[in-house]
Amino acid sequence: MGSRLHPAAIAVYAVDALRQGAFPLLVILAVSVFGGEFDAQAALRAAGFALMGTVVAALAGAFRWATTRYSFGGGETVRLRTGALSVKEVEIPFARVQAVDVEQGPIQRLFGVYKVEVQTGGGGQGGEVVLGAVDEREVAHLNELLRRGAPDALEAADSLPAPERRLTARRLALAAATSGQLGVLLPVAAGAAQLGQQLFEDPIEGERTLIGALPEGVLAWVLVAAAVLALAWLLAALGTVVGFGGFAVRRERDELRIRRGLLQRRQATLRVARVRAVRVVESLPRQALGLAALRVEVIGHAKEQADAQTLFPLLRRDEIEPFLRELLPEMADALDGLAPPPKRALRRYVLPPLAATALLGAAAALALSSPWPLLVAPLGAPYGVLGYRAAGWRLRDGRIAIRSRRLACSTVLAPAAGRESHELAQTALQRRARLADVAVAFGKGTIARIRHLDADDARGLWAAIGPR
Amino acid sequence: MSAIPEPAQRLAPHARWAWRATWSIGCCVALVAIALARDALPAPWETIALALALVALVVGTPLVPELRWRRWRWEVREHEIDLQRGILVVRRTLIPMARVQHVETERGVIGQALGLSTVEIHTAAGSHEIPLLRDGDAGAIRSRIAELARTDTDEIARTDAGEPARMDAGEPAGTDDG
């Protein structure tokens, strides 16, 4: 049945095999090099092993390519059959196909072919069918078949223009400059922890290295801190440029096509019917400049975390509504004009974080017997005030808008009918103050929650979202 | 509370015994742990921790399961599942039938002894449960939810190509592939 993959798949599979066999090979290599004296003979032997490994991998790749067949079954079923000794056959009805990811890794790029992952709603890691190397014509053919199989494909819509937006170089630079995330500080913290461990295990030697490495004086400490922050900022910026370089999103009838990536081009196709909510994320530096990122909550997409979550990396705040009206009118709504929680809720936003930072500061000050950590103590107050100012909600024409802030301000826009569940919650303290929380879940990554609404408003909102 | 009538169904009466068992076991474990760690704690804290755990055991065991049982209400309707529970935080959750991906029943060790099962309802955003129902009731409710969810699809679920509310009664999702 079916046809073979593009011969470039031999290289793809060979590299796969090499990667899987890399660790044992490295061990063999290390043993052969370090086991005996290191001399010309050992080096030769190592090179021999490496060559052998490559040949074996190439043979394995060729075998896998020769025993792999796939077909699109005339738009009925995607079939994949691999192996000769143990045969694996996968069949996916087109109606069950949730997403097709087209990707070009370094090897695929070399041969001008694409890697295609066909995903169903079952949702494991990666696609249920992975085609390592197919040429452009086959990708186009598959997309054509998918479009034909789509339940509400409107032939009349063919003549409609397909709106597309690209990220300009200037915007990419701006996105990179404002992308600072605390996550990139982790490697730095890990390094510090390792240094600490060294000190713990071998105090004398460790202390010597530590003291040698420690900066002297306050100025030096400040310089080190500044250098670490600058490095973290640079890393984050680099990550943004690599990940979002050449970002473009295009609406084609009931699908969104998202292309991105500077080194590794990625293309993801999203069915609009599976988009349940849009999140407008305004991080602190971006909010100061009136900018925001657009994200989508997509149901049943295995790789959504990486690929399909960003609808657009950076927009000016006032561009968001027109952008949505053009590309995703199903979710479009105004960002502003949300109703805030009542004034009496303010202290409930402020007190818990203030208590947390005060406790943390006091505990740290006691533990280190220094007054400096007390500087952390009042930070909870502005955090709480910002949280209160950000909070807002609206339910209009069946569209929900809920805004909240942790560090970044996040506004969820979605049709109420698309929710997975919704909840009304009231603590004993809130009951006395006639306040309540509402949370609307749109997916694993998007739960729109607004705290401390007037209890009647909260009940009204909860009931209005309603059973249907 | 709102336009939607409050849920009326309760959990099995001897759910209270299951909770009493887990609560008292938890308190005993805490007591033992505190007693073992007594040297690690500074002077007044050890006594305070022991006292707290003892109070939790003596006062909490009769009180907490009773209150929790009284507050737990649920209802399975044609188009939604309605849950209301909580002592300090009262939560009311509505899950549209069209969003239910699959339903499971599960029975722990204590449930085994008392003949009680927990119904777990999975949606794409996470799972919800109706705990500690009589075994027979739990099975019936699982089948009922499965049946209702199979037939209830709204406009969003229908346009969701190929995912007409993936349903199994009691089996993990994905077994109906291929």
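Just so it is clear, the structure is predicted and the values come from calculations on it, not from any experiment.

Once that is clear, we can look at the overall build of chain B. A count of helices and strands for chain B gives five helices and six strands. Beginning at the N terminus, the succession of helices and strands in chain B can be written as α-α-β-β-β-β-α-β-β-α-α. Pairs at least 24 apart in sequence give 54% of the contacts found in chain B among residues at least 6 apart.

Moving on: the overall build of chain A. Along the backbone of chain A there are 14 helices and 19 strands. Within chain A, the proportion of its 468 residues that are buried is 33%. In chain A, the share of contacts with a sequence separation of at least 24, taken over all contacts with a separation of at least 6, comes to 56%.

Time to look at the pairing of strand β10 (residues 265–271) of chain A. Residue and element names in this part refer to chain A. Relative to β10, strand β9 (residues 255–260) runs antiparallel, the two sharing six bridges. Pairing of Arg 260 across the sheet is with Arg 266, part of β10. Two successive antiparallel strands, β9 and β10, enclose a turn made up of four residues, where Gly 261 displays a positive phi of approximately 110°.

Attention now goes to the nonpolar core. In terms of nonpolar packing, the biggest core is built from 89 residues, with A:Val278 and A:Leu294 touching the most fellow members. Counting residues per element, this core draws most heavily on helix α1 (residues 8–34) of chain A, which supplies eight residues. Beyond its immediate stretch of four places on either side in the chain, A:Val278 contacts A:Leu294, A:Val296, A:Leu311, A:Leu324, A:Leu328, A:Met331, A:Leu413 and A:Ala414. Counting residues in hydrophobic clusters, the runner-up holds 27 residues, among them B:Leu11, B:Leu94, B:Ile130 and B:Leu132.

The next point concerns helix α14 (residues 455–465) of chain A. Residues and elements named next belong to chain A. Three or more residues of α14 are buried, namely Ala 458, Arg 459, Leu 461, Trp 462 and Ile 465. All buried residues of α14 fall inside an arc of 160° around its axis, so they share one side. Immediately beyond the C-terminal end of α14, within one or two residues, lies Gly 466, with a positive phi of roughly 65°.

Residue and element names in this part refer to chain A. The strand order across the open sheet formed by three strands is β1-β2-β3, and the pairing between neighbours is antiparallel. In this open sheet, the two strands that pair with only one neighbour each are β1 (69–71) and β3 (88–93). Averaged over neighbouring strand pairs, the angle between their axes works out to 5° when direction is ignored. Where strand β2 (residues 77–82) and β3 come together, six bridges link them in antiparallel fashion. Its bridge partner being in β3, Arg 81 is matched across the sheet by Glu 89.

Moving on, we get to the environment of A:Val130. Residues and elements named next belong to chain A. You can see Val 130 is positioned in strand β6 (residues 129–134). Given 16 C-beta atoms within a 10 Å radius, Val 130 is considered partly exposed. In this structure the C-alpha to C-alpha distance between Val 130 and Val 100, which are 30 residues apart in sequence, comes to 9.9 Å.

Note: strands within a sheet are paired through backbone hydrogen bonds, in either parallel or antiparallel orientation. Read across the sheet, six strands follow the order β19(A)-β18(A)-β17(A)-β3(B)-β2(B)-β1(B) without closing on themselves; strand pairing throughout is antiparallel. A single partner strand is all that each edge strand has here, and the edge strands are β19 (446–454) of chain A together with β1 (73–76) of chain B. Within the sheet, the average angular offset between the axes of one strand and its neighbour, ignoring direction, is 10°. In the sheet, β1(B) pairs with strand β2 (residues 80–85) of chain B via four bridges, with the strands oriented antiparallel. What sits directly across from B:Val76, in β2(B), is B:Ile81. Its contacts with the sheet place α14(A) against β17 (421–427), β18 (435–443) and β19 of chain A, and it is angled at close to 30° to β18(A).

So, on to the confidence of the model for chain B. Chain-level statistics for chain B give a pLDDT mean of 80 and a share of 84% at 70 or above. Within chain B, no element has a lower average pLDDT than helix α5 (residues 155–159) of chain B, which sits at 46, and none a higher one than β1(B), at 94.

Moving on: the packing of helix α1 (residues 15–36) of chain B against helix α2 (residues 43–71) of chain B. Residue and element names in this part refer to chain B. Packing of α1 against α2 leaves a shortest axis separation of 9 Å and a crossing angle of 170°. The pairing of α1 with α2 is recorded here as roughly antiparallel in orientation. Taken together, the residues of α2 that come into contact with α1 (itself represented by Ala 15, Arg 16, Trp 19, Arg 20, Trp 23, Ser 24, Cys 27, Ala 30, Leu 31 and Ile 34) are Ala 49, Leu 50, Ala 53, Ala 56, Leu 57, Gly 60, Thr 61, Val 64, Pro 65, Glu 66, Arg 68 and Trp 69. Its residues assigned to classes, the contact of α1 with α2 comprises 15 nonpolar, three polar and four charged.

So, on to the packing of helix α11 (residues 346–368) of chain A against helix α12 (residues 380–390) of chain A. Residue and element names in this part refer to chain A. Remark: α11 packs on α12, axes separated minimally by 7 Å, with the N-to-C direction vectors making an angle of 150°. With respect to their mutual orientation, α11 and α12 come out roughly antiparallel. α11 and α12 meet at a crossing whose hand is right-handed. Facing Leu 346, Tyr 349, Val 350, Pro 353, Leu 354, Ala 355, Ala 356, Thr 357 and Ala 358 of α11, the residues of α12 in contact are Gly 380, Ala 381, Tyr 383, Gly 384, Val 385, Gly 387 and Tyr 388. Taken together, the residues of the contact of α11 with α12 break down into twelve nonpolar, four polar and no charged.

Further remarks concern helix α2 (residues 40–66) of chain A. Between its first and last C-alpha atoms α2(A) spans 39 Å; for 27 residues at 1.5 Å apiece the expected length is 39 Å, and the two agree. Of the positions making up α2(A), those classed as buried are A:Ala57, A:Gly61, A:Arg64 and A:Trp65.

This part covers the confidence of the model for chain A. Looking at chain A as a whole, the pLDDT averages 82, with 81% of positions reaching at least 70. Predicted confidence is poor over residues 152–159 of chain A, with pLDDT under 50, and the contacts of this stretch with residues over four places away or in other chains come to seven contacts.

A positive phi angle is found at A:Arg434, which is not glycine, with a value near 55°. By the secondary structure assignment, A:Arg434 is in the loop between α13 (428–433) and β18. Even without being glycine, B:Leu132 reaches a positive phi, approximately 55°. Relative to the assigned elements, B:Leu132 resides in strand β6 (residues 126–134).

Residue and element names in this part refer to chain A. When you line up the elements, Leu 327 lands in helix α10 (residues 320–327). As for Leu 327 and Arg 165, which are separated by 162 residues in sequence, their C-alpha atoms are 8.7 Å apart. Those residues in contact with Leu 327, other than ones at most four positions away along the chain, are Pro 163, Arg 165, Val 249 and Arg 251.

Conventions we followed
Residues numbered from 1 in each chain as written. Chains lettered and ligands numbered in written order. Predicted model: local features only at pLDDT ≥ 70, side-chain atom pairs only at ≥ 80, totals over all residues. Helix = DSSP H or I, 4+ residues; strand = E, 2+ residues; numbered from the N terminus. Contact = placed C-beta atoms within 7 Å. Buried ≥ 20, exposed ≤ 12 C-beta atoms within 10 Å, placed from the backbone. Pairing = 2+ DSSP bridges. Core = buried A, V, L, I, M, F, W, Y, C linked by C-beta atoms within 7 Å. Arc of directions from axis to C-beta. Axes fitted to C-alpha atoms, helices over the stretch in contact; angles between N-to-C directions. pLDDT = per-residue confidence, 0-100. Parallel < 35°, antiparallel > 145°, perpendicular 65-115°, else oblique. Nonpolar A, V, L, I, M, F, W, Y, C, P; charged D, E, K, R; others polar. Left-handed = near helix turned anticlockwise from the far one by under 90°. Expected span 1.5 Å × (residues − 1).

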